Protein chains: 2
Amino acid sequence: MELWFSEPHTPDVKLSIRVDKQLYSGESDLQRIDVFESPELGRFLVLDGYVMLTEKDEFIYHEMIVHVPMAVHPCVKRVLVIGAGDGGVVRELTRYPEIEYIDLVEIDQQVIQVCRDYLPRTACKLDDERVYIHYEDGLKFVRTREDEYDLIIVDSTDPFGPGEGLFTKEFYGNCYKALREDGIMVNQHESPFYEADATACMRAHKRIVESFPISRVYQAHIPTYPSGHWLFGFASKRYHPVRDLDAARWDERGLETKYYTTRLHMGAFCLPAYVEKLLRKVEIR
Amino acid sequence: MELWFSEPHTPDVKLSIRVDKQLYSGESDLQRIDVFESPELGRFLVLDGYVMLTEKDEFIYHEMIVHVPMAVHPCVKRVLVIGAGDGGVVRELTRYPEIEYIDLVEIDQQVIQVCRDYLPRTACKLDDERVYIHYEDGLKFVRTREDEYDLIIVDSTDPFGPGEGLFTKEFYGNCYKALREDGIMVNQHESPFYEADATACMRAHKRIVESFPISRVYQAHIPTYPSGHWLFGFASKRYHPVRDLDAARWDERGLETKYYTTRLHMGAFCLPAYVEKLLRKVEIR
């Protein structure tokens, strides 16, 4: 039997993954949720038809969204994570003993339950005693917080559907307010390659630049996301992502990683000319 | 009408591109050659079913295989290009006035003719007066040369079919011999992500390490190649690809590029931990 899952990366390009078995399919109040088993990429999670993570390459996304800010900020104690119901961000964060608590705000309770049931490799640390799960809209949650977090990680879906509010100026402004005076916000920042993604990426960047004094973009190779070229935003009140990287301190921790290294950290901020050009367009105030 | 071209990236993952029209289809003595027109990626060239280039992203591959060595070597006059019948490498090389001649060795005359006819954006400089086209097997051509070239660019297809010989120890040894005492060889080095590509990549790296005193690998985001994460090999008799980069000199040229910058050059050599690990495995002599 031939069973293929396909995701349109644009209306005219699609990636298809051979499926052994559909492990789960359901509808929450917010979205359709599917989990598949595949020979090439292991299990993978799909929300409203879009691949959120695969077991084979999720390490890239999760290491890059967590270790980059953790290697820059001198002492992260309080973390807010928005989205990320799969638990991958939390798994990487719990490797840092100095973190005192992690508020995980996921709007869709069913996503967390499905990940607990079918994706134990990412969901494995959701029961860490420092993790507090809030089933709320991240947009509303962050409005109520002030001067509290050292780090906010916005692990949103794409800027349409349930994740839409997490790409607004109001949201980034509230994140700024919720951060302490030397806080850092990192977000998934879409891709620069296909036109619709690049437009979303520029729009997000413009709004972050307007909200934070320091705003840089970094990149990673994520094979199962559209174009494989994915960006992250690093927005900060005080620390510069490259000049304030303390590589020696991070290396001394001896954390084993498969993608992130402090050397790669430096390289990830060196963007292609066309991406720099896209971003510069919206940096002029 | 729905018309889709699909390329298997592995037996279990495939990328599909919507096609407006098949512009050319033919068989040479060596391989099947197709050119398609697509709404998303422009025209694209396919050899034996594998995408060689698309008009939308070929700039990434061609800029990265040419400008990286050109920004390191202090004065390239004689260049050998193997494969690359599409003309993209030659197009980038002809932007350097100090280059005196370029030997382009392409085994398949029909590829060059098809690219001239259907891909003028890459083939546009094949008639530059410094370009000498040799319709020969690159493996045999390089055997006859000694102490001649400042730069050899190996723009091969994958290591099976007509391109197979360009991944052997004998070939790399002959490239070493054909280079002058401070020569550089750059080659396309496959991808580290999917297993079969990673195996090819490690095998090529092992053979290059055995043939050259300096051998480093660098990466680029090439969305239409398997996984989008593509590697290049930089092998050299004297110059180190990062320490001997003369960024100021290259920047002064004022060449306009869409992907390459001297800052990105540095970043491209910062590889993910898992890629460094793969390469280290074969670096031990």
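Residues numbered from 1 in each chain as written. Chains lettered and ligands numbered in written order. Predicted model: local features only at pLDDT ≥ 70, side-chain atom pairs only at ≥ 80, totals over all residues. Heavy atoms only, no water.

Observations concerning the domain arrangement of chain A
Residue and element names in this part refer to chain A. What the domain assignment reports for chain A is domain 1 (4-54) and domain 2 (58-283). Computed from C-alpha coordinates alone, the two centres of domain 1 and domain 2 are separated by 23 Å. Facing 23 residues of domain 1, the contacting portion of domain 2 comprises 21 residues. A buried area of about 2000 Å², summed over both sides, lies between domain 1 and domain 2, and 68% of it is on carbon and sulfur atoms. Three residues, His 9, Leu 30 and Leu 53, lead the burial of domain 1 against domain 2; their summed loss comes to 25% of the area buried on that side. Taken together, domain 1 and domain 2 are joined by zero salt bridges. Summed over the shared surface of domain 1 and domain 2, the number is six residue pairs in polar contact (both at pLDDT 80 or more). At the level of secondary structure, the elements contributing two or more residues to the side of domain 1 that touches domain 2 comprise β1 (4-10), β2 (13-18), β3 (21-27), β4 (32-38), β5 (42-47) and β6 (50-54). At five residues, the largest contribution of residues to the side of domain 1 that touches domain 2 is made by β6. Within the side of domain 1 that touches domain 2, the residues separate by chemical class into 14 nonpolar, six polar and three charged. (Domains from an automatic or database assignment. Contact = heavy atoms within 4.5 Å. Buried area = accessible area lost by both parts, 1.4 Å probe. Salt bridge = Lys/Arg side-chain N within 4 Å of Asp/Glu carboxyl O. Polar contact = N/O pair within 3.5 Å; in protein donor to acceptor, adjacent residues only side chain to side chain. Helix = DSSP H or I, 4+ residues; strand = E, 2+ residues; numbered from the N terminus. Nonpolar A, V, L, I, M, F, W, Y, C, P; charged D, E, K, R; others polar.)

Some remarks on the interface of chain A and chain B
Listed per partner, the contact involves 40 residues of chain A and 40 residues of chain B. For the pair chain A and chain B, the summed buried surface comes to about 3700 Å²; carbon and sulfur atoms form 62% of the total. The three residues of chain A that bury the most area against chain B are Asp 12, Phe 193 and His 221 of chain A, which together make up 19% of that side's buried surface. Linking chain A with chain B are four salt bridges. In this structure, Asp 12 of chain A and Arg 18 of chain B form a salt bridge, with 2.6 Å as the shortest nitrogen-oxygen distance. Linking chain A to chain B there are 19 residue pairs in polar contact (both at pLDDT 80 or more). Going through the elements one at a time, β1, β2, β12 (214-221), α9 (262-268) and α10 (273-283) of chain A are the ones with two or more residues in the side of chain A that touches chain B. The element that contributes the greatest number of residues to the side of chain A that touches chain B is β2 of chain A, accounting for six residues.

Topic: the pattern of salt bridges
Residue and element names in this part refer to chain B. Using the criterion set out here, one finds 42 salt bridges over all chains in the structure. The residue Arg 91 makes a salt bridge to Glu 58 at a minimum N-O spacing of 2.9 Å. In this pair, Arg 91 is assigned in helix α2 (residues 88-93) and Glu 58 in helix α1 (residues 58-70), connecting sequence segments 33 residues apart. A single burial state applies to Arg 91 and to Glu 58, both of which are buried. Taking the shortest distance from any N to any O, the salt bridge between Glu 276 and Arg 280 comes out at 4.0 Å. On the criterion of helical spacing, the pair formed by Glu 276 and Arg 280 is a turn pair, its members being four residues apart in helix α10 (residues 273-283). (Buried < 20%, exposed > 50% of the residue type's maximum accessible area, 1.4 Å probe, protein only.)

Brief notes about the UniProt feature "binding site: spermidine" (unreviewed entry) in chain A
Residue and element names in this part refer to chain A. Mapped onto the present numbering, the UniProt feature "binding site: spermidine" (unreviewed entry) falls at His 62, Asp 86, Asp 155, Ser 156, Thr 157 and Asp 158. Looking at the element boundaries, Thr 157 is found in the loop between β10 (149-155) and α6 (169-178). Beyond its immediate chain neighbours, meaning those up to four positions away, Thr 157 contacts Leu 47, Met 52, Gly 163, Phe 167 and Gln 188. Setting aside chain neighbours within four positions, we find Asp 158 in contact with Tyr 50, Gly 163, Glu 164, Phe 167, Gln 188, Glu 190 and Trp 230. (UniProt positions renumbered as here; feature names shortened; annotations may be inferred.)

Overview of the sheet that holds strand β10 (residues 149-155) of chain B
Residue and element names in this part refer to chain B. If you walk across this open sheet you meet the seven strands as β9-β8-β7-β10-β11-β13-β12, and the pairing is mixed. Each edge of the open sheet carries a strand with a single partner, namely β9 (131-134) and β12 (214-221). Taking the axes of each pair of neighbouring strands and ignoring which way they run, one obtains an average angle of 15° across the sheet. In the sheet, strand β8 (residues 101-105) pairs with β9 via four bridges, with the strands oriented parallel. Bridged to Asp 103 within β9 is Tyr 132. (Pairing = 2+ DSSP bridges. Axes fitted to C-alpha atoms, helices over the stretch in contact; angles between N-to-C directions.)

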